[in-house]
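Fold and contact review
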Amino acid sequence: MGRVSRRAFAVAALSAFTAAPGASAAPAPAARPPRRALTEMRGMWLATVVNRDWPTRQGLSASEQRAELIRHLDTAVRYRLNTVILQVRPAADALWPSAYEPWSQYLSGSQGRAPGWDPLGTAVRQAHARGLELHAWFNPYRAAVHDDPARLLPSHPARRHPEWVVRYGGKLYYNPGLPEVRAFVQDAMMDAVAKYPVDGVHFDDYFYPYPVAGQTFDDDAAYRAHGGGFSTRAAWRRDNIDRLVRETASRVKKIRPTARFGISPFGVWRNAATDVRGSDTRAGVQTYDDLYADTRKWVREGWIDYIVPQLYWNIGLAAADYAKLLPWWAEVAKGSRTKLYVGEALYKAGDPAQPAAWQDAAELSRHLALAEGHPQVRGHVFFAAKDLAEDRIGAMARVAADHYGRPAGPPR
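Notes on the structure in this doc start here. This one's a predicted model, so the numbers in the text were calculated from it and none came from an experiment.

With respect to the secondary-structure elements, Gln111 resides in the loop between α4 (105-108) and α5 (119-129). Separated by 40 residues in the primary sequence, Gln111 and Arg151 have C-alpha atoms spaced 9.3 Å apart. The residues touching Gln111, leaving out its near neighbours within four places in the chain, are Pro102, Trp103, Gln105, Leu152, Leu153 and His156. Within the structure, the side chain of Gln111 is placed 3.2 Å from the backbone nitrogen of Leu153, a separation counted as a polar contact.

What follows is the structure, given as C-alpha cells:
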C-alpha cells in the first residue's frame, strides 16, 4: 500500500471511529484480554519548553492561550486518550502562581510576568471535565535553556544562589550534588502538588545533563563536600538522583496520596556489552553511566508508581530495536509494583528526516501490537501534543483505529 493510500485509509478509519464511538476498526474486543480493553494508559505529553507544543508562541492573550490548551485536550479526547502530561516547570519557572519561582516566559514572553490566568488550575479543571487525568510534568534541575545568569530575573533563585548553578552545554543547571538544591527543587514542585488536585507528578529524562563532547560538568566542590564514602564520583552522582526520586515519591504521597509519581527516562538503561543485565542495544547514551539515573533499580525496588521509558526507535533498528527493548523492559517490570507504560515517538512519524520505517503509517500501530504480547506493558504515551494534532501521515489515526476502539480508563 503506497504512502498516499495508507494516509487515506488511516484518516477514513479515524473518521469512522470518531463518528461512531461504539464502533471499532480493530479486532473484536473479545480478542484482547478484558483488562486491556478497560484500563490502560493512553497518554500524550504536552510540552511547553521553548513553546514546543503550547502555547504556540510567547505573548498570546490569556483567552488565546486558554483556547489553544483546550484544543489540545479536545484532541486527546478525540483519539480516546485518557491522560495528558502537561509540562508545568520547564526550566526553574512555573505555569502556576508559584511561591518559589517566577512565571514562565513561555506564557507572557517575559519571565516573571503573570499571564493573566491560571494555566495549571485551568488545565486540571478542563481535563477532569473531559474525563482525562492531568499529570504535572516537572524538570527538576534545568535552570535555563541558555547559560547567562544575567538574563534571569534578579529575584530568581539561580541569581540569589549562584553557588547552586553549573554552566554546561550552553545551559544553566542546578547542581544535583547539593542537598540544599535537592530540597529546594522539591519544595518548588510540591507547591503545585499541594495547590492543585493533579492526578500525577511526572519527571522526564533529564537528571544530570546529557553528555556534551569536550565539556565537563563542574561539580568538584560539591563532590569534595558531600562525596565522602563513595568509591567513585559516578556512584555519588547516582546516589544524588536516587535520593531525589525516593524523597519526591515520599513527599507526593504525603501531600496528595491519590497522585501517582512517574518518570519517563531515556529508553536504554545499559547496553549488554556494558552490563550483562542490560539490553541488546548499542546506544550511544546509557542512563546509568551518562545521566547517573539507575532507572532499572527504581522499577525493581518499586520506588515509583510508573515508568515510561522513551522507546523512540523503530522496529528493526540495529542500534536500538524497539522489538528488543520492549521485552527487556517488560522483564524489568515483572513482579514490581511499578507499572510499565511505553513512550512512543509520534513526532517521528512522517518526518522526512527519519528512516523509511517512520514513513509507514502502521509503524506505531505495530508497536502497540507487539506490546499486547507482554502483560507487563499497561499502556503507551505519545510525544507529543503538536504531532497528535497534526498527525502528518495518519499514524495516530491508525493507532486509534487499530487499538483504541473502546474507551479505557488509566490503570491505578
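This brings us to unusual backbone geometry. Residues Trp54 and Pro55 are joined by a peptide bond in cis, for which omega reads -20°. The omega torsion of the bond from Phe383 to Ala384 falls at 0°, within 30 degrees of zero and hence cis. Residue Val50 is not a glycine yet carries a positive backbone phi of 45°. Along the polypeptide, Val50 turns up in the loop between β1 (41-46) and α3 (62-78). We note that Arg80 has phi near 60°; this positive angle belongs to a residue other than glycine. Among the structural elements, Arg80 can be located in the loop between α3 and β2 (83-89).

On to the pattern of salt bridges, then. Inspection of every chain in the model, using the stated rule, returns 26 salt bridges. We note a salt bridge from Arg233 to Asp219, for which the minimum N-O separation is 2.7 Å. Here Arg233, found in helix α9 (residues 233-255), pairs with Asp219, found in the loop between β7 (200-203) and α8 (220-226); they are 14 residues apart in sequence, far enough to count as distant. Note on Arg233: relative accessible area 27%, which makes it partly exposed. For Asp219, a relative accessible area of 1% translates into the label buried. Measuring nitrogen to oxygen at the nearest pair gives 2.7 Å for the salt bridge that ties Asp220 to Arg233. In this pair, Asp220 sits in helix α8 while Arg233 sits in helix α9, placing the two residues 13 residues apart along the sequence. Three or more residues are tied together by salt bridges with common partners; here these are Arg52, Asp53, Asp387, Glu390 and Arg392.

As a further point, take the environment of His226. Assignment of secondary structure puts His226 in helix α8. Given a relative accessible area of 34%, His226 falls into the partly exposed group. Expressed as a C-alpha distance, the spacing of His226 and Ala395, which sit 169 residues apart in the sequence, is 49 Å. In this structure, His226 is in contact with Gly177, Leu178, Pro179 and Trp236, ignoring residues within four places of it in sequence.

On to the environment of Ala330, then. Relative to the helices and strands, Ala330 resides in helix α12 (residues 322-333). Along the sequence, Ala330 and His374 sit 44 residues apart, while their C-alpha atoms lie 6.6 Å from each other.

Okay, the sheet that holds strand β10 (residues 339-344) next. Read around the closed barrel, 8 strands run β1-β2-β3-β7-β8-β9-β10-β11, paired in parallel fashion. With 2 bridges joining them, strand β8 (residues 260-263) and strand β9 (residues 306-307) adopt parallel strand pairing. Along β9, the bridge assignment pairs Ile263 with Ile307. Along the sheet, α12 makes contact with β9, β10 and β11 (377-382), crossing β10 at roughly 160°.

So, about the sheet that holds strand β4 (residues 142-144). In spatial order, the strands read β4-β6-β5; together these 3 strands make up an open sheet with antiparallel pairing. At either end of the open sheet lies a strand with only one pairing partner, and these are β4 and β5 (165-168). Shown here is a sheet whose adjacent strand axes are inclined to one another by a mean of 40°, direction ignored. In this structure, β5 lies alongside strand β6 (residues 171-174), joined through 4 bridges in antiparallel fashion. Note that in β6 the partner of Val165 across the bridge is Tyr174.

Cut-offs used in this document
Residues numbered from 1 in each chain as written. Predicted model: local features only at pLDDT ≥ 70, side-chain atom pairs only at ≥ 80, totals over all residues. Heavy atoms only, no water. Helix = DSSP H or I, 4+ residues; strand = E, 2+ residues; numbered from the N terminus. Contact = heavy atoms within 4.5 Å. Polar contact = N/O pair within 3.5 Å; in protein donor to acceptor, adjacent residues only side chain to side chain. Salt bridge = Lys/Arg side-chain N within 4 Å of Asp/Glu carboxyl O. Buried < 20%, exposed > 50% of the residue type's maximum accessible area, 1.4 Å probe, protein only. Pairing = 2+ DSSP bridges. Axes fitted to C-alpha atoms, helices over the stretch in contact; angles between N-to-C directions.

These results come straight from atomic positions and should not be treated as a statement about function.
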